[in-house]
Amino acid sequence: MTDLKSMLPEELEDYLKELGQPKFRAMQVFRWLHQGAESFDEMTDLPKALREKLKEQCMLTVPQVERKQVSRMDGTVKYLWRLWDGNCVETVLMRYKHGNTVCVSSQVGCNMGCAFCASTLGGKVRDLAPGEILDQVIFTRKDSGEAVSNIVMMGIGEPLDNFDHVLRFLTLVNHPEGANIGMRHISVSTCGLVEKIDKLARLGLQLTLSVSLHAPDDSVRSRLMPVNRAVGVETLMDACRRYFETTGRRISYEYAMIDGVNDSDEQADRLAKLLRGQPGHVNLIPLNEVAESPLKPSRRVRQFQQRLEGHGVTATVRRRLGSDIDAACGQLRRRRIVEGETQIPEEGSN
Ligand code: SAH
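What counts, and where the lines are drawn
Residues numbered from 1 in each chain as written. Predicted model: local features only at pLDDT ≥ 70, side-chain atom pairs only at ≥ 80, totals over all residues. Heavy atoms only, no water. Helix = DSSP H or I, 4+ residues; strand = E, 2+ residues; numbered from the N terminus. Polar contact = N/O pair within 3.5 Å; in protein donor to acceptor, adjacent residues only side chain to side chain. Pairing = 2+ DSSP bridges. Axes fitted to C-alpha atoms, helices over the stretch in contact; angles between N-to-C directions. Buried < 20%, exposed > 50% of the residue type's maximum accessible area, 1.4 Å probe, protein only. Arc of directions from axis to C-beta. Contact = heavy atoms within 4.5 Å.

S.K.: Looking at this structure, I do not really get the environment of asparagine 162. What am I missing?
M.R.: Mapped onto the elements of the fold, asparagine 162 is located in the loop between strand E9 (150-153) and helix H5 (163-174). Taking the C-alpha atoms as reference, asparagine 162 lies 9.5 Å from arginine 126; in sequence the two are 36 residues apart. Here histidine 165 takes part through its side chain, which lies 3.3 Å from a polar atom of the side chain of asparagine 162.

Shown next as structure tokens:
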């Protein structure tokens, strides 16, 4: 079956041309898909015969709401979507003064194995298609009735491990006839796949790259993030430097604060030294506790922040949105898997 939603406009044109259609049909179909049409019958400005043909040849992905949690504290909405093959992924809608941000997943599960992360328990099941990443934006907007102005790729999965699909998603979501979200309103977060960072740099996109650093030295970082065992902190920082030089875009460094692991003053000093001479910004994230992990949130987030600022490094503490609704990476999907195995239901039992 052909996946129309993952196609770029010119590919849609070619596809429809083969079906004997005029050029303008491509944009009609594109708009329907990007508005979240749930059947080809909805596409009322297409000839009936064409709709029938598309039904025969094409799939139309419409993720179903498996679970939805709304934070009473800040209105954050977390969706667990069921995909066409029964797999589930998460999307979070966050409300900020400057507009709504949607946090999307890029894979079903993840292969990176970070010690603190719920998404990687059970490994990667599969990559998401470009259209399935896009669906999270389209159907979050449709279900919530809210406009979306920013996107962060900080959900389940390692975006740069699904490079081509993620790139195609960015092109699609950026399109003026689609969601029309500017590259400067999009962040892509990576655990630090160096070759892919270089590849992304060469494209010169104006998006924000977030690098999940979490420790300033190889011994702690390798313990927390297996990806660091092959390519250490220094090599990663070199790639970050190149990224800035090539794109002119400052990198944002993510640092999840873990009690007694990466939150000492000495580590703040080392982090400051590592970032010296490099325009960047540190985002301190209070660790979200994951049931399967012994790691605990740090109690010295403010001290760590002040220590960094004493060295002239700008650091912000990320506001915890949706902390009453499991809004951390991968926790809702994980819970469904665990409950599925032990057969504890049910909808609304949170
Ligand atoms: N794979 C990408 C994006 C996914 S996660 C990456 O590694 O960047 C988005 C961010 O949340 C990453 O910085 C990740 O390290 C962080 N994160 C994952 N689990 C967390 C937890 N339990 N508490 C705090 N931050 C977490």
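Here the narrative resumes, following the displayed structure.
S.K.: Just to check I follow, could you spell out the sheet that holds strand E5 (residues 88-96) for this structure?
M.R.: Two orientations exist for strands paired in a sheet by backbone hydrogen bonds: parallel and antiparallel. Taken in spatial order, the 10 strands make up an open sheet running E3-E4-E5-E6-E9-E10-E11-E12-E13-E14, and their pairing is mixed. Two strands in the sheet have a free side with no partner beyond their single neighbour: strand E3 (64-70) and strand E14 (315-317). Across the sheet, the axes of successive neighbouring strands diverge by a mean angle of 20 degrees, strand direction being ignored.

S.K.: Can you help me understand helix H6 (residues 194-203) in this one?
M.R.: Residues separated by three or four positions in an α-helix point in the same direction, a consequence of the helix having 3.6 residues per turn. Buried within H6 are the following residues: Val194, Ile197, Asp198, Leu200 and Ala201. Looking down the long axis of H6, one finds its buried residues gathered within 160 degrees of arc, a one-sided arrangement. In H6, those exposed residues whose orientation departs by more than 90 degrees from the buried face are Glu195 and Arg202. Tucked into the core, H6 has its buried residues touching H5, strand E10 (186-190), strand E11 (208-212) and helix H9 (233-247). Just downstream of H6, glycine 204 is the residue with a positive phi angle, here 60 degrees.

S.K.: How do you make sense of unusual backbone geometry when you look at a structure like this?
M.R.: Apart from glycine, the bulk of residues carry a negative phi angle, and the bulk of peptide bonds sit in the trans form. Unlike most non-glycine residues, asparagine 180 shows phi in positive territory, near 55 degrees. Relative to the assigned elements, asparagine 180 resides in the loop between H5 and E10. Of note in the backbone geometry, histidine 214 takes a positive phi value of approximately 65 degrees without being a glycine. Tracing the backbone shows histidine 214 in the loop between E11 and helix H7 (218-224).

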